[in-house]
Amino acid sequence: MHKLILVIFLLSSSLFSQTKDSWVIEDIRVSGLQRVSAGSVFAVMPIGLGDLVSKDRFKEITLSIFETEKFDDVKLGRDGNTLLIDLLERPTIDEIFIEGNKQIKTEALLDGLKKSGISEGALYKRSVFESLSVELERQYASQGKYSSSVEVKTDDLPKNRIKLSVLIEEGNSASLRKINILGNTFFSEEELLDEFKLKEKSWLSVFQRGSGYSRENLKGDLETLESMYKNNGFLKFEVTNTMVSISEDKKDIYISILVNEGDVYKVNEVKLAGDLQDKELFVRSLINIPVNEIYIEGFLKSTEDRITNLLENLGYMNAEVSTSKVLDEKEKTVSLTLFVDPGQRAMVNRISFEGNERTHDTVLRREMRQMEKSWISNNLLDNSKLRLDRLGFFKSVDYEKKAVPGSTDEVDVIFNVEEQYSGSIGGSLGYGAYGFSLGANYSEKNAFGTGNSVSVGISYSEWRQDISFNFFDPYFTIDGIGLGYGAYYRKTDYGNFNIASYNTDSYGGSASFQLPISEIEQLGLSLAFDNTKLKTNLYSSRQLQDFYNSEGFDFNTYTGSVSWNQITLDRGLFPNNGMSNSISLSLTLPGSNLNYGRFTHDLKIFKPLPLNLIFSYRSRIGVLFAYGDTETAPPYQYFYAGGMRSVRGFKQNYLGPKAVYSTGFNPRYQRPVGGSYSITGGFDLILPLNFVPDPRSIRGSVFIDYGNVFSDGCEIYETNCYEFDLSELRYSVGVGVTWVTALGPLSFALSSVFNDSPNDRTETFQFEIGTQF
């Protein structure tokens, strides 16, 4: 009985003590919140109103709030039956300031910080910031800047915000002093190092374009090393050790690479395995690996890529090709088995477009070669992307594939575009090679986002008064037949156009069709009418007077033209690769006062080079001829050369035959009269201008231009007149820049000429709006 009474007493004491330390929560008060809502705090707490709580559960409550990572401090208390929670919110990053970085761009650093959870508007996490400077210094060390230092500090701002400052001292890049390759016998060290992107520093480094040390460059060179051996049969070649050491003063880097070449193997057999069904024979035809010849890794990789591309273009988006290698160490042979897993065939559910705020969806959709509800094909998607690039409406075009929720065999394709200026407003307002021009002019390749080309305006300049309208719809029919038409009225004073003095009043109109032949070829047909009245004056040249006396002054001409275009350029504006080839022939038709024809050939070639350089070549050949009872083609159809659009460094239109005057007029400079033959062109080495904010909108180059204008028969009295002669070509060298602005392309050129004659006029500096090279 005494023991029973003792147990009851102890239990009662325990229950009394527990009841004293616990209470039922009647209210919860949260203080210290600024941006975080009280509801988000209540949502993570393990207790609520009406629950029994004790101080033993305070730790559990505190941990649940800390796990949100939104608070630096959590304090709990009690006021009667009210639970008190006092919180200290983590500050937000209001601004990130980076200074001193040159090797790594600010955008790249900000992207790296964002991946670590550090960005404007994000919460300040002390644990992340403590290791931030170490991580940034590691990034610089990977670029060969071992003496760099990074200081990270924070400044408090009102309303619980902070400013993050990253102060960088990059220091000097360490020089790559020596690369040692050990274990090589098949290739000499010199042969291997010649293929490396990394180059040792020497007195010749001033003249060489080697690449400085970086972890990425070293990784690429190790891959090159492996490729060289495996493409010569060394199947088991491996880099066993790579050591990068830095001198004590952190100025020199030494690299040691230890390799194990292994033996040379031959291919014994090549087999094919996998679920290929009816595609086996076709897939087998793509295998290009010689049997009983030394093993070449490149042949295997190209075979795997061809099979993968084939399957991906048949709709097998996740196709995989892997190769099993069975070695015979005794015979030094390898048996290859290509395992092909086509995976699930996928269909395009929907194609959508993003970023085209101005351009209508239909303009983009009609360029699509990949159709909705058809098997997905990388070739068709890439071709669709290329066609959008060639429009010239966009700075960039990319696409991405996204799985359709709830479906295993469907994907959505999203094309992301970034629009750019594709025309000019006020194109006749400014100053160019022809002097000042005033007027209202609107020219746009993508008018109002419809993809149609429109040019309309009323302009006045020192040499021309013009009212014109032109329109072209590249998709007049659903099959891609284009229709264009236009009309004009024009008064021209060629004396103010840097050519021999005469005037013309003309009006006319035209209609044209553009017929697609293939994805890259088009045929053009057009009909045009023109009425031109020719007027001479006291300052007109003798050549013009001869034409006036021979052919008259009032001409009605009906012209038929045919043209052929082939375009493989990767972009419509500032292309990097491809070619544009155009041939045009026009002839006057019966009923015309004059009988003449005009032939032109335009060629542009772009070829990418190492170091982000681009080689560009352009040429233009023109021929004008008369036939029938017309002795001389009209002078207002002659070719001219010189200026930003042909041979830079020479004044606009000033090349070729010069005017002779029978009235005794003797100007300071002989004016050009043009010619029946023209040849112009140029070579450009296009340079990357990565230091500008948006290098996609500006392009610079070093150029060599050539060209001249020739006559088909010089009169005895003519000066500076010559028939076609390559020795009479004029040349210029220099640098040029073209910048795409809201007013159109703005071009500058600084050049020096050679092989010029005393009658040529030159200009060291030139600029013009509306020209691009």
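Given the structure is predicted, the values throughout are model-derived calculations rather than measurements. (Residues numbered from 1 in each chain as written. Predicted model: local features only at pLDDT ≥ 70, side-chain atom pairs only at ≥ 80, totals over all residues. Heavy atoms only, no water.)

Residues and numbers for the overall build of the protein chain, please.
Check the secondary structure of the protein chain and you find 13 helices and 34 strands. Across the 773 residues of the protein chain, 42% fall into the buried class. For the protein chain, restricting intrachain contacts to residue pairs at least 6 apart in sequence, the fraction spanning at least 24 positions comes to 59%. Surface summary for the protein chain: the accessible area is close to 40800 Å², and the carbon and sulfur share equals 54%. (Helix = DSSP H or I, 4+ residues; strand = E, 2+ residues; numbered from the N terminus. Buried < 20%, exposed > 50% of the residue type's maximum accessible area, 1.4 Å probe, protein only. Contact = heavy atoms within 4.5 Å. Areas by Shrake-Rupley, 256 points an atom, 1.4 Å probe, with all protein chains shown as cover.)

Can you tell me about the sheet that holds strand S13 (residues 320-328), naming the residues and giving the values?
A sheet is described by the order of its strands in space; here 3 strands give the open sequence S12-S14-S13, paired in mixed fashion. In this open sheet, the two strands that pair with only one neighbour each are strand S12 (266-274) and S13. Averaged over all neighbouring strand pairs, the angle between strand axes comes to 20 degrees, with direction disregarded. Across 8 bridges, the pairing between S12 and strand S14 (residues 333-341) is parallel. (Pairing = 2+ DSSP bridges. Axes fitted to C-alpha atoms, helices over the stretch in contact; angles between N-to-C directions.)

Let's hear about the layout of surface pockets: which residues, and what values?
Taken as a whole, the second largest pocket holds about 490 Å³ of empty space. At the level of secondary structure, the elements contributing two or more residues to the lining of the second largest pocket comprise helix H13 (542-551) and strand S29 (614-626). The element contributing the most residues to the lining of the second largest pocket is H13, with 5 residues. By residue class, the composition of the lining of the second largest pocket is 14 nonpolar, 9 polar and 5 charged. (1 Å grid on protein atoms, 1.4 Å probe; cavity = no way out; pocket = protein on both sides within 12 Å on 5 of 7 lines; lining within 4 Å. Points joined across faces, edges and corners; volume = space filled by probe spheres on them. Nonpolar A, V, L, I, M, F, W, Y, C, P; charged D, E, K, R; others polar.)

Got a sec to walk through the packing of aromatic side chains? Specific residues and values, please.
With the rule as written, the count across this model stands at 24 aromatic pairs. Their ring planes at 45 degrees and their centres at 5.5 Å tell us that Tyr-399 and Phe-415 sit as a pair that is tilted. Of the two residues, Tyr-399 sits in strand S16 (residues 394-403) while Phe-415 sits in strand S17 (residues 410-419), which places them 16 residues apart along the sequence. Under the relative-accessibility criterion, Tyr-399 is labelled partly exposed at 22%. For the pair Phe-683 and Tyr-706, a centre-to-centre distance of 6.4 Å together with 40 degrees between the ring planes defines the contact as tilted. With Phe-683 in strand S30 (residues 677-687) and Tyr-706 in strand S31 (residues 698-710), the pair connects residues that are 23 residues apart, well separated along the chain. (Phe/Tyr/Trp six-rings, centres within 6.5 Å; stacked < 30°, edge-to-face > 60°.)

So what's going on with the pattern of salt bridges? Residues and values would help.
For the coordinates displayed, the defined rule picks out 30 salt bridges. A salt bridge links Lys-332 to Asp-263; the nearest nitrogen and oxygen atoms lie 2.9 Å apart. Here the residue Lys-332 occupies a position in the loop between S13 and S14, and Asp-263 occupies one in the loop between strand S11 (252-260) and S12, the gap between them amounting to 69 residues. The salt bridge partner of Arg-387 is Glu-367, with a shortest N-O separation of 2.9 Å. Of the two residues, Arg-387 is situated in helix H12 (residues 378-390) and Glu-367 in the loop between helix H11 (361-365) and H12; the sequence distance between them amounts to 20 residues. With relative accessibility at 15%, the residue Arg-387 sits in the buried group. Residues joined by salt bridges that share partners form a network here, namely Lys-236, Asp-263, Glu-329 and Lys-332. (Salt bridge = Lys/Arg side-chain N within 4 Å of Asp/Glu carboxyl O.)

Account for helix H8 (residues 215-230), with residues named and values stated.
Taking 1.5 Å per residue as the helical rise, H8 with its 16 residues ought to reach 22 Å, and the 23 Å between its terminal C-alpha atoms agrees with that figure. Turning to H8, its buried residues are Asn-217, Leu-218, Asp-221, Leu-222, Leu-225, Met-228, Tyr-229 and Lys-230. Residues of H8 that are buried sit in contact with helix H7 (189-194), strand S10 (238-246), S11 and helix H10 (297-313). (Expected span 1.5 Å × (residues − 1).)

Give me the lowdown on the sheet that holds strand S7 (residues 149-157), citing residues and values where you can.
What the 3 strands build is an open sheet, ordered S6-S8-S7; its pairing is mixed. Sheet topology places strand S6 (92-99) and S7 at the edges, where each strand pairs with a single neighbour. For this sheet, the mean angle separating the axes of adjacent strands, direction not counted, is 20 degrees. Relative to strand S8 (residues 161-169), S6 runs parallel, the two being bridged by 7 bridges. Considered in S8, the bridge of Glu-99 is made with Leu-167. Running over the sheet, helix H4 (residues 106-115) touches S6 and S8 and is turned about 145 degrees from S6.

Any functional reading would require information beyond the geometric quantities listed.
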